[in-house]
Amino acid sequence: MSIARHDSSSILSQAVEHGNTVYLAGVVAKGLDKDIKGQTKEVLDEVDRLLGKCGSHKSKLLQAQIWVTDIRNRAPMNEVWTAWADAKNLPARACVEAKLADPRALVEIMVIAAK
Amino acid sequence: MSIARHDSSSILSQAVEHGNTVYLAGVVAKGLDKDIKGQTKEVLDEVDRLLGKCGSHKSKLLQAQIWVTDIRNRAPMNEVWTAWADAKNLPARACVEAKLADPRALVEIMVIAAK
Amino acid sequence: MSIARHDSSSILSQAVEHGNTVYLAGVVAKGLDKDIKGQTKEVLDEVDRLLGKCGSHKSKLLQAQIWVTDIRNRAPMNEVWTAWADAKNLPARACVEAKLADPRALVEIMVIAAK
C-alpha cells in the first residue's frame, strides 16, 4: 500500500496517507491567545484543510483523540466540536486532560480518517 | 472501503468499522461508584459488546490505550484486564495517567481491533 | 487479513501485525536511570528492533504518540528523535505530558507503521 506525507516539519508530518487510511498529527491552534472555543475552531479548520489535502473529509473520520489542558474546558470544546462535526458520521473519540507542548495551547486534536 | 458506525451520540460513535479495522471510542464504566476493579470489569464488558456489534472479538484486538486517573490503580486494573484478555492474542498497549471527563471515572479504555 | 503477534507478556504484545499495518506497544527504556536523551535513545532502538521483527522500518512510520513525564523534556527528546527519524519520511505525531507506570520512566513512545 502506498504512503504519502504532507506538510512535513523537522519532527513530523502533519498528514500521512496509507492506502485508504489517513493519519493526522496532533493539531493545536495558531492563535494561542484565543479562548478554548476560538482555539478549537482553529484546530478543526486545520483538520478540514489537512483532510482535504489527503482526499478525505470530516464525514470520514474514524477516530479522534482530544487533549484539553483543563478538563473543565471539555464542555465548551464540545460545543464547537458538535457544531463542526458531521452529526451522521461521528468518529470514535476519547478526550482526556494533559499538559501540552506550548503552555498557551488549551486543546490538541489528533484524528484518523478514511479516504 | 466501507464505513459503518454504531451507537452514535451527539458527539461520537461508540464504534466505527472501516474495512477490516474497528475503532472503538474511549469507554468508561456506567457504575461510577464502583472501585477500579469494578469499573474495569464494566468497561471490558462494554468493549466485548461493542466488538460483537462490529463482528469482531477481544481475540482480535490490535491496540489498546488505557488511561487511569491514578497510576497506582494500574496494578488492580491489570488484574481484571489479564483475567479478561485472550492470553494468546494480546494487543499492543499503552497505559498512562490522565484526568478524565467525569471526576468519578477511574479508568477509560479505547481499542482498535481487526474484524 | 492476517494477524501476527510478537513478544507477548502476560498483559500485552510488543508488536501486532494486521495486514499491512503494524501496531507497537508503548515502549519505555530499560535503563531507567538514564536521562531523557538516554531513555529516548533506548526507546527508539527498541522501536527499530520491533519494527524489524514485523518487516517494517522507521521510514514507514505512520503515527507516533509520545508521552513525557515533564513537558520540558520535549526539547531534548526531540533532539534524539530528529537524529533518529528518517527526515524524508516523518510520521504524524502528538506529544503530551503524562505520568507513566514506572516513576523512573521519563518517556514512552507508541507507534503505528506500514509494512
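Check the entry above for the structure.
Residues numbered from 1 in each chain as written. Chains lettered and ligands numbered in written order. Predicted model: local features only at pLDDT ≥ 70, side-chain atom pairs only at ≥ 80, totals over all residues.

Colleague: Honestly, the overall build of chain A in this entry has me stumped. Any pointers?
Modeller: Along chain A, the regular secondary structure elements total two helices and six strands. In chain A, the succession of helices and strands from N to C terminus is β-β-β-α-β-α-β-β. For 115 residues, the compact-globule formula gives about 13 Å, and the C-alpha radius of gyration of chain A, at 14 Å, lands near that figure. Once the C-alpha set of chain A is aligned to its principal axes, its extents read approximately 40 × 35 × 20 Å. (Helix = DSSP H or I, 4+ residues; strand = E, 2+ residues; numbered from the N terminus. Rg over C-alpha atoms; globule rule 2.2 N^0.38 Å.)

Colleague: Would you explain unusual backbone geometry in this entry?
Modeller: Residues and elements named next belong to chain A. A positive phi angle, close to 55°, is found at D7, a residue other than glycine. Within the secondary structure, D7 is located in strand 1 (residues 3–8). Taking the C-beta count within 10 Å as the criterion, D7 has 15 such neighbours and is therefore assigned partly exposed. (Buried ≥ 20, exposed ≤ 12 C-beta atoms within 10 Å, placed from the backbone.)

Colleague: What is the right way to look at the interface of chain C and chain B in this model?
Modeller: Many structure descriptions define interface size as the accessible area lost when the parts assemble. In this complex, chain C contributes 23 residues to the contact, which on the side of chain B involves 20 residues. The set of elements that each furnish at least two residues to the side of chain C that touches chain B consists of strand 1 (3–8), strand 2 (13–18), strand 3 (21–24) and strand 6 (107–114) of chain C. Counting residues per element, the side of chain C that touches chain B draws most heavily on strand 2 of chain C, which supplies four residues. (Contact = placed C-beta atoms within 7 Å.)

Colleague: Honestly, the interface of chain C and chain A in this entry has me stumped. Any pointers?
Modeller: At the interface, 20 residues of chain C touch 23 residues of chain A. When contributions to the side of chain C that touches chain A are tallied by element, the ones reaching two or more residues are strand 4 (61–68), helix 2 (74–84) and strand 5 (92–97) of chain C. In terms of residues, the side of chain C that touches chain A owes the most to one element, strand 5 of chain C, which gives six residues. A breakdown of the residues in the side of chain C that touches chain A according to their chemical character gives 11 nonpolar, five polar and four charged. (Nonpolar A, V, L, I, M, F, W, Y, C, P; charged D, E, K, R; others polar.)

Colleague: Teacher, can you tell me more about helix 2 (residues 74–84) of chain B here?
Modeller: All names here are of chain B. Every buried residue belonging to helix 2 is among R74, M77 and W81, and all of these are buried. Looking straight down helix 2, one finds that the buried residues subtend no more than 65° of arc, so they occupy a single side. Structural note: helix 2 exposes A75 and A83 on the side pointing more than 90 degrees away from its buried face. (Arc of directions from axis to C-beta.)

Colleague: Help me out: how do you make sense of the relation of the copies chain C and chain A in this one?
Modeller: Laying chain C over chain A is done by rotating through 120° and shifting 0.0 Å along the axis; what remains is an RMSD of 0.0 Å. The superposition operator between the copies reduces to a three-fold rotation axis. If distances are taken from each C-alpha of chain C to the rotation axis, the shortest is found for A98 of chain C, at 3.8 Å. Comparing interface residues between copies, only 5% of those in chain C also sit at the interface in chain A, which points to a heterologous contact through distinct surfaces. (Least-squares fit on C-alpha atoms with pLDDT ≥ 70 in both.)

Colleague: Looking at this structure, how should I read the packing of helix 1 (residues 36–53) of chain C against helix 2 of chain C?
Modeller: A packed helix pair is summarised by two numbers, namely the angle formed by the two axes and the spacing between the axes. All names here are of chain C. For the pair helix 1 and helix 2, the least separation of the axes is 8 Å and the interaxial angle reads 35°. Of the two possible hands of crossing, helix 1 and helix 2 adopt the one that is right-handed. Facing I36, K37, T40, K41 and L44 of helix 1, the residues of helix 2 in contact are P76, M77, E79, V80, W81 and W84. Per-class residue counts for the contact of helix 1 with helix 2 are seven nonpolar, one polar and three charged. (Axes fitted to C-alpha atoms, helices over the stretch in contact; angles between N-to-C directions. Left-handed = near helix turned anticlockwise from the far one by under 90°.)

Colleague: I tried to follow the relation of the copies chain C and chain B on my own but got confused; where do I start?
Modeller: Between chain C and chain B, which share one sequence, the superposing operator has a rotation angle of 120° and an axial displacement of 0.0 Å; the RMSD is 0.0 Å. Taken as a fraction of all interface residues of chain C, those also at the interface in chain B reach only 4%, which identifies the copy contact as different-surface.

Colleague: Is there a simple way to explain the sheet that holds strand 6 of chain C in this structure?
Modeller: Either a parallel or an antiparallel arrangement is found when strands of a sheet pair, and the pairing is made through backbone hydrogen bonds. All names here are of chain C. The six strands lie next to each other as 1-2-3-6-4-5, forming an open sheet whose pairing is mixed. The open sheet has two edge strands with one neighbour each: strand 1 and strand 5. Between one strand and the next, the sheet's axes are offset by a mean angle of 10°, whatever the strand orientation. Both strand 4 and strand 5 contribute to a ladder of six bridges, which runs parallel. Within the sheet, the bridge partner assigned to Q63 lies in strand 5 and is A92. Across the sheet, helix 1 touches strand 1, strand 2, strand 3 and strand 6, and the angle it forms with strand 6 is around 25°. (Pairing = 2+ DSSP bridges.)

Colleague: Can you help me understand the pairing of strand 4 (residues 61–68) of chain B in this one?
Modeller: Two faces, one strand: in a regular strand the side chains alternate between the faces of the sheet. Residue and element names in this part refer to chain B. Counting buried residues in strand 4 gives eight out of eight residues, a clear majority hidden from the surface. With seven bridges joining them, strand 4 and strand 6 (residues 107–114) adopt antiparallel strand pairing. Residue pairing across strands places I66 opposite I109, the latter belonging to strand 6. With helix 2 bridging strand 4 and the parallel strand 5 (residues 92–97), this β-α-β connection has right-handed handedness. (Right-handed = clockwise from strand over helix to strand, strands pointing away.)

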